[in-house]
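Now for the letters of each chain:
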Amino acid sequence: MNSVPPLRLENLSRHFSQGGRRIDVLNQANLELYSGQMTALVGPSGAGKTTLLNLAGLLEVPDEGEVIIAGQNTSGLSERRRTLLRKKHIGLVFQFHRLFAEFSALENIVIPQMIGGLKRKTAEERAEALLAMVGLSDRLHHRPGLLSGGEQQRVAIARSVANAPDILLADEPTGNLDPQTADSVFQALEKIVTGTQTAALIVTHNLQLADRMHRRLAIQNGQVAEIG
């Protein structure tokens, strides 16, 4: 296990104002993620799971505390530097796949790699390997409209690690799917995480899937607690 965790949150606090009242969503929360581990973040709606994910993904800025990515403290960084760090180190998966409808599954994974500077041939080879990893070798040239919901989500998972991030953050990646399809997507996610040794934090309401991950966390009283 790497001695430097890809993601570390230290004393993280985030609050919002609603109707003139301050709501503390996170209060001195701490978290470490490790390579090759799948970590579930569970709990009721409104507990702060998505807020924590957004902070970890550098999509929001904490009111207090530190977000440390691959050993680098992100406090005080410009928005440009935060964006560059996110592109280099973080892969994101959402409940809705957000694939480019006009491009094939392969092209959806090739494009972010080419934007990152890889030549097309190299990007295509990696895209093919990732799609094989999630069981879609026979769907390389299908556009999203010709793929099932579960297949589209598997493409999105493969795309999220196209540029070899250290960290994978997923917000309800199976929330839109029936149980059987959710299971196949979870298996694809598991193969990607172990195959690429990514550190994954996965927000889910599916407790059965959470039980199959290496760790289960919940936000309690604004802090991250290990459960079960």
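Definitions and cut-offs
Residues numbered from 1 in each chain as written. Predicted model: local features only at pLDDT ≥ 70, side-chain atom pairs only at ≥ 80, totals over all residues. Heavy atoms only, no water. Buried < 20%, exposed > 50% of the residue type's maximum accessible area, 1.4 Å probe, protein only. Helix = DSSP H or I, 4+ residues; strand = E, 2+ residues; numbered from the N terminus. Pairing = 2+ DSSP bridges. Axes fitted to C-alpha atoms, helices over the stretch in contact; angles between N-to-C directions. Parallel < 35°, antiparallel > 145°, perpendicular 65-115°, else oblique. Left-handed = near helix turned anticlockwise from the far one by under 90°. Contact = heavy atoms within 4.5 Å. Nonpolar A, V, L, I, M, F, W, Y, C, P; charged D, E, K, R; others polar. Expected span 1.5 Å × (residues − 1). Phe/Tyr/Trp six-rings, centres within 6.5 Å; stacked < 30°, edge-to-face > 60°. Core = buried A, V, L, I, M, F, W, Y, C linked by side-chain atoms within 4.5 Å.

## Structural notes on the pairing of strand S3 (residues 38–42)
Most of S3 is tucked away, with 5 of its 5 residues classed as buried. Of the two faces of S3, the one lined by Met-38, Ala-40 and Val-42 and the one lined by Thr-39 and Leu-41 are each fully buried. The pairing of S3 with strand S8 (residues 199–203) spans 4 bridges and is classified as parallel. Note on S8: the bridge partner recorded for Leu-41 is Val-203. Bridge count for S3 against strand S9 (residues 215–220) is 4 bridges, and the pairing is parallel.

## A few points about the environment of Asp-211
Relative to the helices and strands, Asp-211 is located in the loop between helix H7 (207–210) and S9. Owing to a relative accessible area of 51%, Asp-211 belongs among the exposed residues under this scheme. In sequence terms Asp-211 and Ile-111 are 100 residues apart; their C-alpha atoms lie 34 Å from each other.

## Looking at the packing of helix H3 (residues 105–115) against helix H5 (residues 149–160)
Relative orientation of the contacting elements H3 and H5 amounts to 20°, with a least axis distance of 9 Å. Classified by the angle their axes make, H3 and H5 are roughly parallel. For the crossing formed where H3 meets H5, the hand is right-handed. On H5, the residues touching Ala-105, Asn-108, Ile-109 and Pro-112 of H3 are Val-155, Ala-158 and Arg-159. Here the contact of H3 with H5 is composed, by residue class, of 5 nonpolar, 1 polar and 1 charged.

## What to know about H5
The terminal C-alpha atoms of H5 lie 17 Å apart, and with 12 residues this matches the ideal 16 Å at 1.5 Å per residue to within 8%. Among the 12 residues of H5, 11 are classified as buried, and the element is accordingly described as predominantly covered. Tucked inside the fold, the buried residues of H5 contact strand S6 (90–93), H3, helix H4 (120–133), strand S7 (167–171) and helix H6 (179–196).

## Concerning the sheet that holds S3
Across the sheet, 6 strands lie side by side as S6-S7-S8-S3-S9-S10; this open sheet has mixed pairing. Edge positions in the open sheet fall to S6 and strand S10 (223–226), since each of these has one partner strand only. Recorded for the sheet is a direction-independent mean angle of 25° between the axes of neighbouring strands. Running at roughly 150° to S7, helix H1 (residues 49–56) makes contact with S3, S6, S7, S8, S9 and S10 of the sheet.

## Considering the packing of aromatic side chains
Enumeration over the complete set of coordinates arrives at 1 aromatic pair. The interplanar angle of 85° and the centroid separation of 6.2 Å between the aromatic rings of Phe-100 and Phe-103 together place this pair among those described as edge-to-face. A residue is classified by how much of its surface remains accessible, and Phe-103, at 29% relative accessible area, is partly exposed.

## Regarding the nonpolar core
Residues Ile-109, Leu-131 and Val-155 are the most contacted members of the largest nonpolar core, which totals 39 residues. The biggest single contributor to this core is H6, with 7 residues. Val-155 has contacts with Leu-99, Ala-105, Asn-108, Ile-109, Leu-131, Leu-136 and Leu-147, leaving out every residue within four places of it along the chain.

## Digging into the environment of Thr-74
With respect to the helices and strands, Thr-74 occurs in the loop between strand S5 (72–73) and helix H2 (79–89). For Thr-74 and Val-61, which are 13 residues apart along the polypeptide, the C-alpha to C-alpha distance reads 9.4 Å. Setting aside residues up to four positions removed in sequence, Thr-74 forms contacts with Leu-58, Val-67, Ile-69, Arg-82 and Leu-85.

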